[in-house]
Amino acid sequence: MAIATSKLPSRLTSCNSNLLNVRSLSSLTSSPLNLTAPLSDPPTSPEQTPPDALDLDNTEKLFSSVKTGALVTSLLNLYAMAVDPLVEFGTKVMQSPVVMESQISKAAVVGAVKATVYKHFCAGETTEEASETVRRIWKQVGLRSILDYAVEDAEDDHAARRNLDGFHRTVDMVSALPPTSASMCLKITAICPIHLLERISDQLRWNYKNPAFELPWRTHCFPILSDSSPLYLTSSMPEPLTDQELHDFELAQERLNDLCKQCAKSNLMLLIDAEYSSVQPAIDYFTYLVALKFNKEQPIVYSTVQAYLRGTKERLEMMMKSGENEGICTGIKLVRGAYITRETRLASSLGVSSPINGSILETHRCYNECAAFLLEKVRDGSGAVVLATHNTKSGKLAAAKAEKLGIRKGDDKLQFAQLMGMADGLSLGLKNAGFQVNKYLPFGPVDHVIPYLVRRAEENKGFLSSSTLDRHLIRKELTRRLKAAVL
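Residues numbered from 1 in each chain as written. Predicted model: local features only at pLDDT ≥ 70, side-chain atom pairs only at ≥ 80, totals over all residues. Heavy atoms only, no water.

J.: Is there a simple way to explain the overall build of the protein chain in this structure?
T.: The number of helices and strands found in the protein chain is 18 helices and eight strands. Across the 487 residues of the protein chain, 57% fall into the buried class. At a minimum sequence separation of 6, the contacts of the protein chain that also span at least 24 residues come to 81%. Accessible surface, the protein chain: about 20400 Å² in total, of which carbon and sulfur atoms supply 53%. (Helix = DSSP H or I, 4+ residues; strand = E, 2+ residues; numbered from the N terminus. Buried < 20%, exposed > 50% of the residue type's maximum accessible area, 1.4 Å probe, protein only. Contact = heavy atoms within 4.5 Å. Areas by Shrake-Rupley, 256 points an atom, 1.4 Å probe, with all protein chains shown as cover.)

Okay, structure coming up:
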């Protein structure tokens, strides 16, 4: 679950096709990720067939805590979002400057969005509404929540400070909720200007390519990059950070540190989102900086690892080993990834191979292998994981692996997560099996969240159109209830 942003990195507008310094990708010739393959059910060999650790067939038990009206609404929304022309039309309307700059037409669009997709995917416009949604989900179905204060990238220091205030209010809100019912996530791009994250990432990549290039500001040696990382984004030696950039860098570190302190006081997980490759090295640097400080006794800070990137398993192994050497419990949120379009377009503009796996099957394989590896670290006590997946087979494989390893189902170091409004069958099945399960809840004013909804539509067209499992399960349960009412 990582959230994309609506803008491409600033470097993309000035890319030059001659920038071919591609140590990590020069030998890769695979095509970009195939989005036509279904995302819901990757094939497995007989020895990989997941055991029936989850019961998704008994819909009466599965949806016992969900009212009929809610099931009907979910089914209608899922059917609507599986119609590509309808999704494309809605996306174009929400992105249209002509529509959104007119107060009358914008009000109409916002009203329509709020009554449909916003209500399906989001927890509310205010902290009070989000709090009520968390309480309802916790009380009625026993699922935890991950609160996402939906703001866009900070273009300057003023925006970063404004966003920081919103995150502090979110921590206050989560702290007042029933214990263990919620945690929160954070975008580093919201509290540190994008251009500075790009500059820091440039320097980290160049330092990896040429260790003689010193980083006087670097305060830890936690592994940020590997040979498989997309180093081609840095084609020439970057200039050192200016005094102003160093000052802004320190401010961003202070902001993150303050948020972590606030979360630690209330024992709240803080999951830091992964983003696109032009800024990810800096995000990892910030994340490990606070993880080394706050994860010594228990995991507070979680970094996010995207399985659709080449070399993910290699980087993950390096991270866990370094965490063990530092004596911390490394928290990881494992996702498949949400920046397919952006990464493919950027790599293409530079004339290099995409950093994304060549097929969806490779990504499925990578995700499942990383999940199994992380579950072993949970068993050993050196790691904690949130497995964010809408994939039924990945969920079954992970549940079976956890049982085989003897991981206690109530152990907070193993949690699952799905987006609000998606994969509810999997969420409830995992919860009924005894695991800790979260729903990912974006919240904020409708017009602020529209970019998030646009990205959900753009990045998940293939998923929404091929995700028939939830529709099948809901139809089955509604039919059962109708027959029971008639008879």
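Further notes follow.
J.: What exactly am I supposed to notice about empty space enclosed by the protein here?
T.: Empty space among the atoms becomes apparent when a probe as large as a water molecule is rolled across them. With the rule as written, the count across this model stands at eight cavities of 30 Å³ or more. Estimated volume of the largest cavity: approximately 190 Å³. Taken together, 16 residues line the largest cavity, and the ones lying closest to its centre are Ser-229, Pro-230, Gln-280, Leu-309 and Arg-315. The set of elements that each furnish at least two residues to the lining of the largest cavity consists of helix 10 (280–294) and helix 11 (312–326). Among the elements that line the lining of the largest cavity, the one with the most residues is helix 10, at three residues. Split by residue class, the lining of the largest cavity holds six nonpolar, six polar and four charged. (1 Å grid on protein atoms, 1.4 Å probe; cavity = no way out; pocket = protein on both sides within 12 Å on 5 of 7 lines; lining within 4 Å. Points joined across faces, edges and corners; volume = space filled by probe spheres on them. Nonpolar A, V, L, I, M, F, W, Y, C, P; charged D, E, K, R; others polar.)

J.: Please clarify how the sheet that holds strand 2 (residues 182–186) should be interpreted in this entry.
T.: Working definition: the strands of a sheet are paired by backbone hydrogen bonds and lie parallel or antiparallel to each other. With respect to topology, eight strands assemble into a closed barrel ordered 1-2-3-4-5-6-7-8, the strand pairing being parallel. Direction aside, neighbouring strands of the sheet carry axes that sit 30° apart on average. Pairing analysis gives four bridges linking strand 6 (residues 383–388) to strand 7 (residues 414–419), with the strands arranged parallel. The residue of strand 7 that forms the bridge with Leu-387 is Phe-416. Relative to the sheet, helix 11 contacts strand 4 (301–306), strand 5 (330–335) and strand 6, its axis offset from that of strand 5 by approximately 165°. (Pairing = 2+ DSSP bridges. Axes fitted to C-alpha atoms, helices over the stretch in contact; angles between N-to-C directions.)

J.: Even after reading the chapter, I still don't get the packing of aromatic side chains, so can you show me in this structure?
T.: Two descriptors summarise a pair of aromatic rings, namely the distance from one centre to the other and the angle between the planes of the rings. Tallying each qualifying case throughout the model produces ten aromatic pairs. Plain terms: the ring middles of Trp-217 and Tyr-285 are 5.4 Å apart, the flat faces sit at 90° to each other, and that makes the pair edge-to-face. Of this pair, Trp-217 sits in the loop between helix 8 (194–209) and helix 9 (243–265) while Tyr-285 sits in helix 10, and the two are 68 residues apart along the sequence. Assigned by exposure class, Trp-217 and Tyr-285 land together as buried. (Phe/Tyr/Trp six-rings, centres within 6.5 Å; stacked < 30°, edge-to-face > 60°.)

J.: Help me understand the packing of helix 8 against helix 9, please; the structure alone is not making it clear to me.
T.: Between two packed helices, the angle of one axis relative to the other and the distance separating the axes together describe the packing. Relative orientation of the contacting elements helix 8 and helix 9 amounts to 100°, with a least axis distance of 11 Å. With respect to each other, helix 8 and helix 9 are oriented roughly perpendicular. Where helix 8 abuts helix 9, its residues Leu-196, Arg-199 and Ile-200 lie against Glu-245, Asp-248 and Phe-249. Class assignment of the residues belonging to the contact of helix 8 with helix 9 gives a composition of three nonpolar, no polar and three charged. (Parallel < 35°, antiparallel > 145°, perpendicular 65-115°, else oblique.)

J.: Just checking my understanding: could you explain the nonpolar core for this structure?
T.: Side chains of a nonpolar character, in soluble globular proteins, are inclined to be buried together. With 140 residues, the main nonpolar core has Leu-147, Phe-167, Ile-188, Leu-256, Phe-286, Leu-387 and Leu-414 as its most contacted residues. Sequence-distant contacts of Phe-167, that is, excluding residues within four places in its chain, are made with Tyr-149, Val-151, Met-184, Cys-185, Leu-186, Lys-187, Ala-190, Ile-191 and Leu-259. By size, the runner-up hydrophobic cluster in this structure holds six residues, among which are Leu-233, Ala-347, Leu-350 and Val-352. (Core = buried A, V, L, I, M, F, W, Y, C linked by side-chain atoms within 4.5 Å.)

J.: What's the story with the pairing of strand 8 (residues 436–443) in this structure? I'm lost.
T.: Strand 8 sits mainly inside the fold: eight of its eight residues count as buried. Neither face of strand 8 is open: one carries Gln-436, Asn-438, Tyr-440 and Pro-442, the other Val-437, Lys-439, Leu-441 and Phe-443, and all of them are buried. Looking at chain direction, strand 1 (residues 144–149) and strand 8 are connected through six bridges and run parallel. In the sheet register, Leu-147 faces strand 8, and the bridge partner there is Leu-441.

J.: Help me out: how do you make sense of the environment of Leu-469 in this one?
T.: You can see Leu-469 is positioned in helix 18 (residues 469–486). Under the relative-accessibility criterion, Leu-469 is labelled partly exposed at 30%. Separated by 413 residues in sequence, Leu-469 and Leu-56 have C-alpha atoms that sit 9.7 Å apart. The contacts of Leu-469, once residues within four sequence positions are left out, are Leu-56 and Thr-392.

J.: Looking at this structure, how should I read unusual backbone geometry?
T.: Excluding glycine, residues mostly carry a negative phi; peptide bonds, for their part, are mostly trans. The phi dihedral of Thr-180 falls on the positive side, at around 70°, and the residue is not glycine. Structurally, Thr-180 can be placed in the loop between helix 7 (157–175) and strand 2. Assessed through its relative accessible area of 43%, Thr-180 is described here as partly exposed. In the Ramachandran plot, Ala-423 falls in the positive-phi region, its phi being about 55° despite a non-glycine side chain.

J.: Can you help me understand helix 9 in this one?
T.: Side chains three or four residues apart in an α-helix point the same way, a direct result of the helix having 3.6 residues per turn. Along its 23 residues, helix 9 runs 33 Å from first to last C-alpha, staying within 8% of the 33 Å computed at 1.5 Å per residue. Listed as buried for helix 9 are Glu-245, Asp-248, Phe-249, Ala-252, Arg-255, Leu-256, Asn-257, Leu-259, Cys-260, Gln-262 and Cys-263. Where the residues of helix 9 are buried, they touch helix 7, strand 2, helix 8, strand 3 (270–272), helix 10 and strand 4. Just downstream of helix 9, Asn-267 is the residue with a positive phi angle, here 55°. (Expected span 1.5 Å × (residues − 1).)

J.: I'm lost on the packing of helix 2 (residues 68–81) against helix 5 (residues 103–121) in this one. Help?
T.: One way to put it is that helix 2 packs onto helix 5 with a least axis distance of 11 Å and a crossing angle of 105°. Put simply, helix 2 runs roughly perpendicular to helix 5. Contact with helix 2, carried on its side by Ser-74, Asn-77, Leu-78 and Met-81, involves Val-117, His-120 and Phe-121 of helix 5 and no other residues of that element. Split by residue class, the contact of helix 2 with helix 5 holds four nonpolar, three polar and no charged.

J.: Looking at this structure, I do not really get the layout of surface pockets. What am I missing?
T.: Volume-wise, the largest pocket comes out at about 920 Å³. Lining the largest pocket are 35 residues, and of these Ala-70, Ser-74, Lys-119, Arg-136 and Met-420 lie nearest its centre. At the level of secondary structure, the elements contributing two or more residues to the lining of the largest pocket comprise helix 2, helix 5, helix 6 (127–141), helix 15 (424–432) and helix 18. Here the residues of the lining of the largest pocket are counted per class, giving 14 nonpolar, twelve polar and nine charged.

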